[in-house]
Amino acid sequence: MQYASCKSVEERPGVQWGELEIGGASEARQSEDDSAVRDPATGAVVGHVPALSADMVGAAVAAAHAAFAGWSGLAPQERGKVLRRLAALIADNSADLASLLTAEQGKPLAEARAEIGSAAAYFDFFAEEARRLDGEIVASPRADSRILVAHKPVGVVAAITPWNFPASMVARKLAPALAAGCTVVLKPAPQTPLTALAIAALAREAGVPEGALQVVTGDAATIGAVLTRDPRVAMLSFTGSTATGRRLYEQCAGTIKKLGLELGGHAPFIVFPDADLDKAAAAAVAAKFRNAGQTCVCPNRFFVHAEIYEAFLERFLREVDRLVPGDGRDPKSTLAPLIDVAALAKVERHVADALARGATLTRGGRPAAIGGTWYEATVLENVDAEMLVSCEETFGPVAAISRFSDIGEVKAQVNASPYGLAGYVFGRDISTLLKTAESLDLGMVGINAVHLGLEMAPIGGVKQSGLGREGGHAGLLDYCEQQYLLIGV
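Small disclaimer: the values here were computed from a predicted structure and weren't measured.

1. Observations concerning the nonpolar core
Core analysis: the biggest nonpolar cluster contains 117 residues, and Phe-123, Phe-312 and Phe-316 have the highest contact counts within it. Counting residues per element, this core draws most heavily on helix α4 (residues 109-129), which supplies ten residues. For Phe-123, the residues in contact, after removing those within four places along its chain, are Leu-83, Leu-86, Ala-87, Ile-90, Ala-171, Leu-174, Ala-175 and Ile-199. One finds Val-185, Val-226, Leu-248 and Leu-263 within the second-largest nonpolar core, a separate group that totals 21 residues.

Printed below as a string of structure tokens:
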């Protein structure tokens, strides 16, 4: 279908990831309809991808539909071998993939390398899970029958991935879908399609057959209309904003598709008075400012117990002051740019709203001196529940901190949010931590830990943060339907 080549900042020739195809028809020309992919750090064009027509997206669906019987008909172990080869190819090409990822997304190379490692881990994990598509035998109430329950691949999956993690989010969808026997039409985010194309090219090299994985790029509304309305698409898996997820949900109603949605979050970070403050502060900064706060699970609201508020804040600010905004290819840089000017404008609006409503600016609060779309690591104190930073997902490097004395009030505020993706609690009393975690309406809670994105764990949210789970055995089963067989004997 598409081609993608890039050059690093040092102008070395990049990896040529080759041509991909839609239904066997090569689409590797550059035209005025192509979309430029730009480096958020420099504004330089790092590649072009075609803007596909609705007919071409339909052809991609047709190719995936035609390939389904062959791919799903393979023994699970055979699919696992392909995914294991893909995991190895991603690991072997990790340096080039990380450079490509940083060039189109902007995050520091260290974060990009970790993300590529995560992508490889997902394919490796689901290579093993493919052979665990077990069914069950249910005790029949009658002597002349037997009941079997099998798990079957749902069919063609439309996967729509975001720009903030252009490798791991792709792997999180492709790995379980392909392991289950599904075929996939993948639409990567327009800001970061090159990493997805590179992974797709490696998938072809690993042995994913022609048609089983199609990548489509172009206008989101055009592509979304085809993927949500085509009855050959059995499932839609989407990661992105709640507003977009709600719209896709509505569009899928006409064909009653299975849905997997990981949507917006508004994660709380609660620090109890007995917490290890050095550990809690370091973890809080790492979680908040990773990818410049552009993660669905990053903390948005910090609730720190009044007894240790000042001591925690001192440590937190010390960690914040170590952050260095800069080009992701500079090893000294630890704070990424925001993805675009719209993201920068949203951060500025949230900070302005908080200050107008009485918050105290303790650090940052303005675009970084480096220019571009960088924003200073920002800390706001005296934050209340009415401010935008307490109600909406900022998706930027802004930490909103308040003190508490009554954990019941914190729980009530957290649970009043329409979002329920992730949260974090830090302390030493395991009984308090467990009771608090269990009382929060959240799909995931880190207890004295912040790295939730593990391939063997069920990742996902509740309420308006989404449907279904990605990762773990639950993630595999989300790409399957149960079939009940009643057998007379």
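2. Let's talk about the packing of helix α3 (residues 94-105) against helix α6 (residues 193-206)
A pair of packed helices is captured by two measures, namely the crossing angle of their axes and the spacing between those axes. The N-to-C vectors of α3 and α6 enclose an angle of 155 degrees; their axes lie 8 Å apart at closest approach. By the angle between their axes, α3 is roughly antiparallel relative to α6. Residues Leu-97, Leu-100, Leu-101 and Glu-104 of α3 lie in contact with α6, whose contacting residues are Pro-193, Leu-194, Thr-195, Ala-198 and Leu-202. When the residues that make up the contact of α3 with α6 are grouped by side-chain class, the tally is seven nonpolar, one polar and one charged.

3. Examining the environment of Lys-81
With respect to the element layout, Lys-81 can be found in helix α2 (residues 76-92). Between the C-alpha atom of Lys-81 and that of Thr-102, which follows or precedes it by 21 residues, the distance is 29 Å.

4. Things to note about the sheet that holds strand β6 (residues 145-153)
Judged by pairing direction, the sheet is antiparallel, and its three strands sit side by side in the order β5-β6-β22 without closing on themselves. The strands lining the two open edges of the sheet, one partner per strand, are β5 (136-138) and β22 (480-488). With strand direction ignored, the average angle separating the axes of adjacent strands in the sheet is 25 degrees. Where β5 meets β6, three bridges bridge the pair, whose relative direction is antiparallel.

5. A word on the pattern of salt bridges
Any two side chains of opposite charge can pair if their charged atoms end up close together. Applying the stated rule across the entire model yields 18 salt bridges. The residue Arg-318 makes a salt bridge to Glu-314 at a minimum N-O spacing of 4.0 Å. Remark: Glu-314 and Arg-318 occur in helix α10 (residues 309-320); sequence separation between them is four residues, near one turn of the helix. Through salt bridges that share partners, Asp-39, Asp-327 and Arg-329 make up one connected network.

6. Some details on the confidence of the model for the protein chain
Taken as a whole, the protein chain shows an average pLDDT of 93; of its residues, 93% reach a score of 70 or greater. Note that pLDDT drops below 50 for residues 1-20; the model gives that stretch 65 contacts with residues more than four away or on any other chain. Throughout residues 27-32 the model reports pLDDT below 50, and contacts reaching past four residues in sequence, or to other chains, amount to 14 contacts.

7. Regarding a nonpolar patch on the surface
Together, Leu-485, Ile-487 and Val-489 make up an exposed nonpolar region whose accessible area comes to about 240 Å². The topology assignment puts Ile-487 in strand β22. Ile-487 gets classed as partly exposed once you look at its relative accessible area, which sits at 32%.

Thresholds applied
- Along every chain, residues carry numbers that run from 1 in the direction the sequence is written.
- Reporting in this predicted model follows two pLDDT cut-offs: at least 70 for local features of residues, and 80 or more for side-chain atom pairs to be given and counted; totals over whole chains, interfaces and linings ignore these cut-offs and use all residues.
- As a convention, hydrogens and water are excluded, and side-chain values are obtained from all of the structure's heavy atoms.
- Residues enter a nonpolar core if they are buried and are Ala, Val, Leu, Ile, Met, Phe, Trp, Tyr or Cys, with the set joined through side-chain atoms within 4.5 Å.
- Note on exposure labels: buried denotes an accessible area under 20% of the residue type's maximum, exposed denotes more than 50%, and partly exposed covers the range between, all computed with a 1.4 Å probe on protein chains only.
- Only DSSP runs of H or I with at least four residues qualify as helices, and only runs of E with at least two residues qualify as strands; both kinds are numbered from the N terminus onward.
- Throughout, a contact is declared for two residues whenever any of their heavy atoms are within 4.5 Å.
- Axis lines are fitted through C-alpha atoms, for helices just across the contact stretch, and the angle between N-to-C directions can take any value from 0 to 180 degrees.
- Roughly parallel means an angle under 35 degrees; roughly antiparallel means over 145; roughly perpendicular covers 65 to 115; every other angle is labelled oblique.
- Note on residue classes: Ala, Val, Leu, Ile, Met, Phe, Trp, Tyr, Cys and Pro are nonpolar, Asp, Glu, Lys and Arg are charged, and everything else, Gly too, is polar.
- Think of it this way: DSSP has to see at least two bridges between two strands before they count as a pair.
- Take a side-chain nitrogen of Lys or Arg and a carboxyl oxygen of Asp or Glu: if they are within 4 Å of each other, that pair is a salt bridge.
- For every residue, the predictor reports its confidence as pLDDT, a number between 0 and 100.
- Like charges within 9 Å and nonpolar side chains (Val, Leu, Ile, Met, Phe, Trp, Tyr) within 5 Å are joined into patches, using only residues over 30% in relative accessible area that form no salt bridge.
- Accessibility throughout is a Shrake-Rupley quantity obtained with a 1.4 Å probe, and a residue counts as covered only by protein chains that appear here.

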